[in-house]
Amino acid sequence: MSVVGIIAEFNPLHNGHIEILNHANTEMKADYVVVVMSGDFTQRGNPAMISKYDRAKLALRHGADLIIELPVIASTSSAETFALSGIAHLSATGAVSHLLFGCEDANMEMFRTAANLASSDSMDYHKTINSFVKQGDSYAVARQKAIQMQQKGVQLPSDFLSKPNNILGVEYVKALASDAYAMEPVCFPRTSSSHNSKQTGSSASGSAIRNAMETNQAQAAQPSVPDDVMKLLRFNAQFKTLVRSSDVSMLLHYKLISSDDFTEYLDCTEDISNKINNMKDRFVEFENFCSLLKSKDLTYARISRVLIHIALNIKKTDLESLAMCNYAPYLRVLGFSKKGTLLLSHIKDHAQVPFFLSPQGGINQLNAIERTILEKDIYASDIYRALLTNKSGRVFPTEFTRKFELKDING
């Protein structure tokens, strides 16, 4: 049985994502496509533009067969943790045979070379990284320079590790190098615009689409997404349920004025905590505050992740709990296709961790550590639901009252 796994955010689902799903189904001839998808908060430290349930439904309409939620601790973490947890979840199904990922440079030998270099435990390698960080480089830039200094044999392009999809791809391949995972990696060339590009058109990035929708320019985003995605985006815009980082501002501001020490939160060092304290009197809005804190050695994305961890109460101990569960504490299903019901039966028999469709169904299966991770997911979903209610003035189902209906994927 050929089961292709994809790790994604689909924020929102666009033409580039459709190409990957089509490649899995047509070129790779997958029997099933399994997606491990971020929930309501993403790896860049932002709330997703539309809910995880709507994003799952759209993915199922366009070629996925099963959607599994990536826990919020991992979905808002660094590329390394995001990738490692995504791989662990796909592996825990006991069914996935291939990992398919999008990238800017579709050369698997380059990914294997970079992954091998990035896995180095040598003292010289880590000293080199630290020396570049002390000179003012961000960790990502410092690591890129250190890897380039180690190169032997296959030479990586100078900008190979500055491209966001390549960075994730290296982390995927690095995780798969472990004997614990038997999936075969397959890279797929990204044809859409650069990940953070604001350029619109048929190959626009998720960032460009979100920017267009947030600035009331839906027409500019329309060529970039399938018709049903645009219909949903317009619907959400009409009813004020398109979520953006600024919607977290009030909650974050409250958390910032309630403490003088943020070092317990995931990704927050003492230096970052001090910087937040020194600047918090100037807080106006989430994105503006990220820009105030940003510096040469501290990227916007890193700051955004720290702030979302503070807002969602995600601490360093939570990542330790996730690691204790080998980064896949359970498999929480967000949706499945009609064909996917057959795969569900297989996974129920072969899953290496608890497997469930609803939080209530999972609670009774989980041990104490696994339950604390699920509680973080439920809390994050409650926060997202509160953001929706605050924007729209409407009530939304909780994680315990929402029902998944198979007919929805054709609706």
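It should be emphasised that the depicted structure is a prediction, and the values quoted were computed from it without experimental measurement.

Section: the overall build of the protein
Next, step 1: Looking only at helices and strands, one finds 19 helices and seven strands in the protein.
Next, step 2: For 411 residues, the compact-globule estimate of 2.2 N^0.38 gives 22 Å, and the C-alpha radius of gyration of the protein, at 20 Å, lies within 12% of that figure.
Next, step 3: Per-residue burial over the protein gives 56% buried out of 411 residues.
Next, step 4: Considering only intrachain contacts with a sequence separation of at least 6, the fraction spanning at least 24 residues in the protein is 71%.
Next, step 5: Approximately 17600 Å² of the protein is accessible, and the part contributed by carbon and sulfur atoms is 50%.
Next, step 6: Averaging the positions of the 43 positive and the 43 negative side-chain charges in the protein gives two centres separated by 4 Å.

Digging into the nonpolar core
Next, step 1: By size, the foremost hydrophobic cluster in this structure holds 97 residues, and its most contacted members are Ile276 and Leu307.
Next, step 2: For this core, the leading source of residues is helix H19 (residues 368–392), giving eight residues.
Next, step 3: The residues contacting Ile276, other than those within four sequence positions of it, are Leu256, Phe262, Cys268, Phe289, Leu293, Val306, Leu307 and Ile310.
Next, step 4: If you look at the next biggest cluster of nonpolar residues, it comprises 40 residues, including Tyr53, Leu100, Ala212 and Val229.

Let's talk about empty space enclosed by the protein
Rolling a probe over the atoms, with the probe sized like a water molecule, indicates the empty space that remains.
Next, step 1: Inspection of every chain in the model, using the stated rule, returns one cavity of 30 Å³ or more.
Next, step 2: In this structure, the largest cavity spans a volume of roughly 40 Å³.
Next, step 3: If you trace the largest cavity, you find it lined by Gly39, Asp40, Phe41, Glu69, Val72, Ser75, Asp377, Ala380 and Ser381.
Next, step 4: When residues of the lining of the largest cavity are traced back to their parent elements, those giving at least two are helix H3 (72–75) and H19.
Next, step 5: The element best represented in the lining of the largest cavity is H19, accounting for three residues.
Next, step 6: Among the residues forming the lining of the largest cavity, the class breakdown is three nonpolar, three polar and three charged.

Re a negative patch on the surface
Next, step 1: Among the surface-exposed residues, Asp261, Glu270, Asp271 and Asp297 lie close enough to one another that they form a single negatively charged patch.
Next, step 2: Structurally, the position occupied by Glu270 is in helix H13 (residues 270–279).
Next, step 3: Looking at Glu270, the relative accessible area reads 57%, which means it is exposed.

A few points about unusual backbone geometry
Next, step 1: With omega at -5°, the peptide bond leading from Asn11 into Pro12 counts as cis.
Next, step 2: Relative to the helices and strands, Pro12 is located in the loop between strand E1 (3–8) and helix H1 (15–27).
Next, step 3: Positive phi, close to 60°, is recorded for Asn216, a residue that is not glycine.
Next, step 4: With respect to the helices and strands, the residue Asn216 is situated in the loop between helix H9 (206–214) and helix H10 (218–221).
Next, step 5: For Asn216, a relative accessible area of 72% translates into the label exposed.
Next, step 6: Although it is not a glycine, Lys240 adopts a positive phi angle of roughly 60°.
Next, step 7: Summarising the element assignment, Lys240 is placed in the loop between helix H11 (227–238) and helix H12 (249–257).

Remarks on the pattern of salt bridges
Next, step 1: The tally for this structure, following the rule as stated, stands at 20 salt bridges.
Next, step 2: A salt bridge links Lys163 to Asp105; the nearest nitrogen and oxygen atoms lie 3.1 Å apart. Pair noted here: Lys163 is in the loop between helix H7 (139–150) and helix H8 (164–176) and Asp105 is in the loop between strand E4 (98–103) and helix H5 (108–118), with a separation of 58 residues, a long-range link. There is no split in this pair, since Lys163 and Asp105 are both buried.
Next, step 3: Across the salt bridge formed by Lys163 and Asp159, the nearest N and O atoms sit 3.5 Å from each other.
Next, step 4: Residue classification places Asp159 among the partly exposed residues on the basis of a relative accessible area of 33%.

Concerning the sheet that holds strand E3 (residues 66–70)
Picture the strands of a sheet paired through backbone hydrogen bonds; they go either parallel or antiparallel.
Next, step 1: Spatial ordering of the open sheet is given by E5-E4-E1-E2-E3-E6-E7, a layout of seven strands whose pairing is mixed. A strand with exactly one partner marks an edge of an open sheet, and here the two such strands are strand E5 (184–189) and strand E7 (355–356).
Next, step 2: Both strand E6 (residues 331–336) and E7 contribute to a ladder of two bridges, which runs parallel. Paired with Leu331 across the strands is Phe355, a residue of E7.

Focus on the pairing of E1
Next, step 1: Of all six residues that make up E1, six are buried, and the element is covered over most of its length.
Next, step 2: What you see with E1 is no split at all: Val3, Gly5 and Ile7 on one side and Val4, Ile6 and Ala8 on the other are buried throughout.
Next, step 3: For the handedness criterion, the β-α-β arrangement of E1, H1 and strand E2 (residues 32–38) is classed as right-handed.
Next, step 4: Direction of pairing for E1 relative to E4: parallel, over a ladder of two bridges. The residue of E4 that forms the bridge with Gly5 is Leu99.

A word on the side chain of Asp40
Next, step 1: Here Asp40 shows up in the loop between E2 and helix H2 (52–61).
Next, step 2: Salt bridges are absent for the buried Asp40, whose nearest opposite-charge side chain, Lys52, sits at 4.3 Å.
Next, step 3: A distance of 3.0 Å separates a polar atom in the side chain of Asp40 from the backbone nitrogen of Lys52.
Next, step 4: Filtering out sequence-adjacent residues up to four positions away, Asp40 remains in contact with Asn46, Pro47, Ala48, Ser51, Lys52, Arg55, Ser381 and Tyr384.

Some details on H13
Next, step 1: Looking at H13, one finds that the buried residues are Ile272, Ser273, Ile276, Asn277 and Met279.
Next, step 2: If you follow the buried residues of H13, they end up packed against H12, helix H14 (286–293) and helix H15 (300–312).

Let's talk about the packing of aromatic side chains
Next, step 1: Summed over the entire model, instances satisfying the criterion amount to seven aromatic pairs.
Next, step 2: Measuring from ring centre to ring centre gives 6.0 Å for Phe41 and Tyr384, while their planes differ by 85°; the resulting arrangement is edge-to-face. Here the residue Phe41 occupies a position in the loop between E2 and H2, and Tyr384 occupies one in helix H19, the gap between them amounting to 343 residues. The same class applies to Phe41 and to Tyr384, which are both buried.
Next, step 3: An aromatic cluster is present here, built from Phe101, Phe111, Phe160 and Tyr172 joined pairwise through their rings.

Rules behind the numbers
- Residues numbered from 1 in each chain as written.
- Predicted model: local features only at pLDDT ≥ 70, side-chain atom pairs only at ≥ 80, totals over all residues.
- Heavy atoms only, no water.
- Helix = DSSP H or I, 4+ residues; strand = E, 2+ residues; numbered from the N terminus.
- Rg over C-alpha atoms; globule rule 2.2 N^0.38 Å.
- Buried < 20%, exposed > 50% of the residue type's maximum accessible area, 1.4 Å probe, protein only.
- Contact = heavy atoms within 4.5 Å.
- Areas by Shrake-Rupley, 256 points an atom, 1.4 Å probe, with all protein chains shown as cover.
- Lys, Arg positive; Asp, Glu negative; His and termini not counted.
- Charge placed at Lys NZ, Arg CZ, Asp CG, Glu CD.
- Core = buried A, V, L, I, M, F, W, Y, C linked by side-chain atoms within 4.5 Å.
- 1 Å grid on protein atoms, 1.4 Å probe; cavity = no way out; pocket = protein on both sides within 12 Å on 5 of 7 lines; lining within 4 Å.
- Points joined across faces, edges and corners; volume = space filled by probe spheres on them.
- Nonpolar A, V, L, I, M, F, W, Y, C, P; charged D, E, K, R; others polar.
- Patch = residues over 30% accessible without salt bridge, like charges linked within 9 Å, V, L, I, M, F, W, Y side chains within 5 Å.
- Salt bridge = Lys/Arg side-chain N within 4 Å of Asp/Glu carboxyl O.
- Pairing = 2+ DSSP bridges.
- Right-handed = clockwise from strand over helix to strand, strands pointing away.
- Polar contact = N/O pair within 3.5 Å; in protein donor to acceptor, adjacent residues only side chain to side chain.
- Phe/Tyr/Trp six-rings, centres within 6.5 Å; stacked < 30°, edge-to-face > 60°.

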